[in-house]
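The lines below spell out each chain.
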Amino acid sequence: EEEFKWLLQEEVHAVLKQLQDILKEASQRFTLPTSGSGGAIKQENFVLSTSGTDQVKGVLTLQGDALCQADVNLKTPRNNQLLHFAFREDKQWKLQQIQDARNHVNQAIYLLMNRDINYQFRTGSEVLKLMDAVMLQLSRARNRLTTPATLTLPEIASSGLTKMFTPALPPDILVNFYINLNKLCLTVYQLHVLQPSTTKNFKPAGGSILHNPGAMFEFGNQRYEVSHVHKVECVVPWLNDALVFFTVSLQLCQQLKDKISVFSSYWNYRPY
């Protein structure tokens, strides 16, 4: 019982402090402040590339959770024409995955800071409940980065992203940006219009992270088929840091839960 009391009063607070420190580091990665507090979030440039193809090249500028510039060159396979399109100067594209992940991290920090150093945990189940709540937020944060949204092709076509570019995207080009683990990804879909004679075999594609050539969809009274798909990506180092921090934090939470559970199984501990 003495050991268990020590665990509740001393070690739990030490772990909570450690978790706070790690998650504050993770949170800072998302905000990327410049030197001095209150400064503007710095801009970072990333070159998009993929092995084995030069059909799509580009440079993306990321500022926190927003893509503030995108400059993309596309070589069309059909006629080897070179297309260039960039974000309009007045436009930014919010990366909801980064925003959501940061919100979950901050929620986890809030849960941890809710118990100050003088707070006395009375039971093991109280600690387990707190760890479960923190782990839920951390798992959600990690999942937002590791699991991009599944979208249908009409959803991509009607997304505000298609209206961000100058010159305007041609009607046979669709683009989608998303985060996958520590990478910022751009997918470019080239389409061809299906003639009315071919629509007897028309099967619209459902939601997917990445659609393959041959996927069909209907948009604006027109039926299309995906003819070519190009995916290019770049590694964002601070996203990698954040994922490592999430993994370490989840392990710490689990270790504390395991210790509490071991004691709880030996003694049906009751505070006096």
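Residues numbered from 1 in each chain as written. Predicted model: local features only at pLDDT ≥ 70, side-chain atom pairs only at ≥ 80, totals over all residues. Heavy atoms only, no water.

> Just to check I follow, could you spell out the sheet that holds strand β7 (residues 173–180) for this structure?
Across a sheet, strands are paired by hydrogen bonds formed along the backbone, either parallel or antiparallel in direction. Spatially, the 4 strands line up as an open sheet ordered β7-β8-β10-β9, and their pairing is antiparallel. Two strands bound the open sheet, and with one partner strand each, they are β7 and β9 (216–219). Averaged over all adjacent pairs, the angle separating strand axes in this sheet is 40°, with direction ignored. With 11 bridges connecting them, strand β8 (residues 183–193) and strand β10 (residues 222–235) associate as antiparallel partners. Across the sheet, residue K183 finds its bridge partner in β10, namely V235. (Pairing = 2+ DSSP bridges. Helix = DSSP H or I, 4+ residues; strand = E, 2+ residues; numbered from the N terminus. Axes fitted to C-alpha atoms, helices over the stretch in contact; angles between N-to-C directions.)

> Looking at this structure, I do not really get the pairing of strand β1 (residues 44–48). What am I missing?
Regular strands have side chains that alternate between both faces of the sheet. Covered by surrounding structure in β1 are E44, F46 and L48 only, the residues N45 and V47 on the alternate face being uncovered. Sheet topology note: the β1/strand β2 (residues 56–63) ladder contains 5 bridges and is antiparallel. Counted as the bridge partner of E44 is L62 from β2. (Buried < 20%, exposed > 50% of the residue type's maximum accessible area, 1.4 Å probe, protein only.)

> Where do I start with the pattern of salt bridges in this structure?
Side chains carrying opposite charge are able to pair once their charged atoms draw close together. Applying the stated rule across the entire model yields 11 salt bridges. A salt bridge links D65 to K94; its shortest N-O distance comes to 2.9 Å. On the criterion of sequence distance, the pair formed by D65 in the loop between β2 and β3 (66–75) and K94 in strand β5 (residues 93–94) is long-range, its members being 29 residues apart. Through salt bridges that share partners, E25, R29 and D241 make up one connected network. (Salt bridge = Lys/Arg side-chain N within 4 Å of Asp/Glu carboxyl O.)

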